[in-house]
Amino acid sequence: MPALNTITCVEDFRRAARRRVPRMFYDYMDSGSWTESTYRANEADLQALKFRQRVAVDIARRSLRARLLGEDAAMPLALAPTGLTGMQRADGEILAARAAERFGVPFTLSTMSICSIEDVAARTSRPFWFQLYVMRDREFIGRLIDRARVAGCSALMVTLDLQVMGQRHKDIKNGLSTPPRPTLANLANLALRPHWCLGMLRTPRRAFGNIVGHAKGVADMRSLASWTAEQFDATLNWHDLAWIKDRWGGKLIVKGILDAQDARRAVEAGADALVVSNHGGRQLDGAPSTIAALPAIAQAVGDRIEVLMDGGVRSGQDTLRALALGARGVLIGRAFLYALAAHGEAGVLRCLELMANELDVTMAFCGRTRIEDVDRRVLVNPEIAQL
């Protein structure tokens, strides 16, 4: 592994992660559905936006500080909910949450995490956000919401774009299932990842901690497989949010918005924030990139709801591009996962430091000193992002 102080960008972390993590889990993290066109577009469309450099502007006093969902943040960025984080590195959710706390940005725990809500809450002091998948077993979902409240989670993020599962070819070819299929190729690949294997042997957290032992009839990974296959709820609709909002009683975020009409529905449903997201290109292949969808959504909802964006954000420059087109902040998923897989908690902290520096320097070159002053005028070609 390269020394942490020699890593200069997220791409360095990605290359290191590929060498450290077993193929089935690396590919789970770094893949999209079907042809992966939307996955690639998320990054490419961000890169197509060019900055307007300004000079002879007093930029001596700059600040990246922001407020997200009423919380102070060191920069307008949060760690996104990512499933199987604890399989990229042992106790991964705990390590990532600690790094986010040390840096001063929100962390979001996924329903499909390896470490449980209680695991993360017991090992951090800053409240984190919890992401909810709505299953058919509403009794279990109600208890899950209650557990998040008891743990002191400061916001609930409801993901709306996983009523059915998108197909990811790599997962099928790698035999990624619950539990994973022990093929000869997988066993050989594991043998080449001794550091990862040792970490997994040392931790008791190797199952879905929010589900196993909590959902009715789910006592181990085998029973989890049949339970999960039956639980994704194709009937989920906007009316269900009323029950969730009432049960939760706190800040509510809806994730998976790609259409201005859906954004307006999120406002009507009483959400405090929405995330412009295509699930990292992992669900509907052929959908627009999130940066392409962002301007129309931001314009449709105005300041009635906080607009966040994820998908393709790999640098502080990408963060600035999203802010310029109407986002209040961004969420990063793969970027922090690469860093976590390669270097654990210290890697995630280093990733956040690098992205903050990229955001700060780029904002300075664009003649801005505060996040609140960033708008589409920092871009030469903002119209290129319009659908």
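In this text the structure is predicted, and so the values were computed from the model without any measurement.

## Focus: the overall build of the protein
Link 1 in the chain: When helices and strands are counted, the protein shows 16 helices and 10 strands.
Link 2 in the chain: On C-alpha atoms alone, the protein measures out to a radius of gyration of 20 Å, which is about the 21 Å that the 2.2 N^0.38 rule sets for 387 residues.
Link 3 in the chain: For the protein, the spread of C-alpha atoms along the three principal axes comes to 65 × 50 × 40 Å.
Link 4 in the chain: Burial analysis of the protein (387 residues in total) assigns 60% to the buried set.
Link 5 in the chain: In the protein, the proportion of contacts linking residues at least 24 apart, taken out of those at least 6 apart, comes to 74%.
Link 6 in the chain: Entry remark: accessible area of the protein is about 16000 Å², with carbon and sulfur atoms responsible for 52%.
Link 7 in the chain: For the protein, the centre of its 51 positive side-chain charges and the centre of its 42 negative side-chain charges are spaced 4 Å apart.

## What about the layout of surface pockets?
Link 1 in the chain: In this structure, the second largest pocket encloses a volume near 310 Å³.
Link 2 in the chain: Along the wall of the second largest pocket there are 16 residues; nearest its centre are L160, D161, G256, I257 and D262.
Link 3 in the chain: Grouping the constituent residues of the lining of the second largest pocket by class yields seven nonpolar, six polar and three charged.

## Some details on the environment of P382
Link 1 in the chain: Assignment of secondary structure puts P382 in the segment after α16 (334-365).
Link 2 in the chain: Between the C-alpha atom of P382 and that of R14, which follows or precedes it by 368 residues, the distance is 29 Å.
Link 3 in the chain: Apart from the residues within four sequence positions on either side, P382 is in contact with L49, L325 and R376.

## Concerning the nonpolar core
Link 1 in the chain: Formed by 117 residues in total, the largest nonpolar core has its most connected members in M75, L79, L132 and L274.
Link 2 in the chain: If near-sequence neighbours (up to four positions away) are discounted, L274 is found in contact with I253, V254, I257, A263, A266, I297, V301, I305, E306, V307 and L308.
Link 3 in the chain: In this structure, A73, A80, M157 and V275 belong to the second largest nonpolar core, which totals 13 residues.

## Observations regarding the UniProt feature "binding site: glyoxylate" (unreviewed entry) in the protein
Link 1 in the chain: The feature "binding site: glyoxylate" (unreviewed entry), as annotated in UniProt, sits at Y28, Y133, R168, H279 and R282 in this numbering.
Link 2 in the chain: With respect to the helices and strands, R168 occurs in the loop between β6 (155-159) and α8 (169-174).
Link 3 in the chain: Setting aside residues no more than four positions away along its own chain, R168 makes contact with Y28, S31, G32, S33, L162, R282 and Q283.
Link 4 in the chain: For R282, the location among the structural elements is in the loop between β8 (273-276) and α14 (290-301).
Link 5 in the chain: By relative accessible area, R282 is classed as buried at 9%.

Thresholds applied
Residues numbered from 1 in each chain as written. Predicted model: local features only at pLDDT ≥ 70, side-chain atom pairs only at ≥ 80, totals over all residues. Heavy atoms only, no water. Helix = DSSP H or I, 4+ residues; strand = E, 2+ residues; numbered from the N terminus. Rg over C-alpha atoms; globule rule 2.2 N^0.38 Å. Buried < 20%, exposed > 50% of the residue type's maximum accessible area, 1.4 Å probe, protein only. Contact = heavy atoms within 4.5 Å. Areas by Shrake-Rupley, 256 points an atom, 1.4 Å probe, with all protein chains shown as cover. Lys, Arg positive; Asp, Glu negative; His and termini not counted. Charge placed at Lys NZ, Arg CZ, Asp CG, Glu CD. 1 Å grid on protein atoms, 1.4 Å probe; cavity = no way out; pocket = protein on both sides within 12 Å on 5 of 7 lines; lining within 4 Å. Points joined across faces, edges and corners; volume = space filled by probe spheres on them. Nonpolar A, V, L, I, M, F, W, Y, C, P; charged D, E, K, R; others polar. Core = buried A, V, L, I, M, F, W, Y, C linked by side-chain atoms within 4.5 Å. UniProt positions renumbered as here; feature names shortened; annotations may be inferred.

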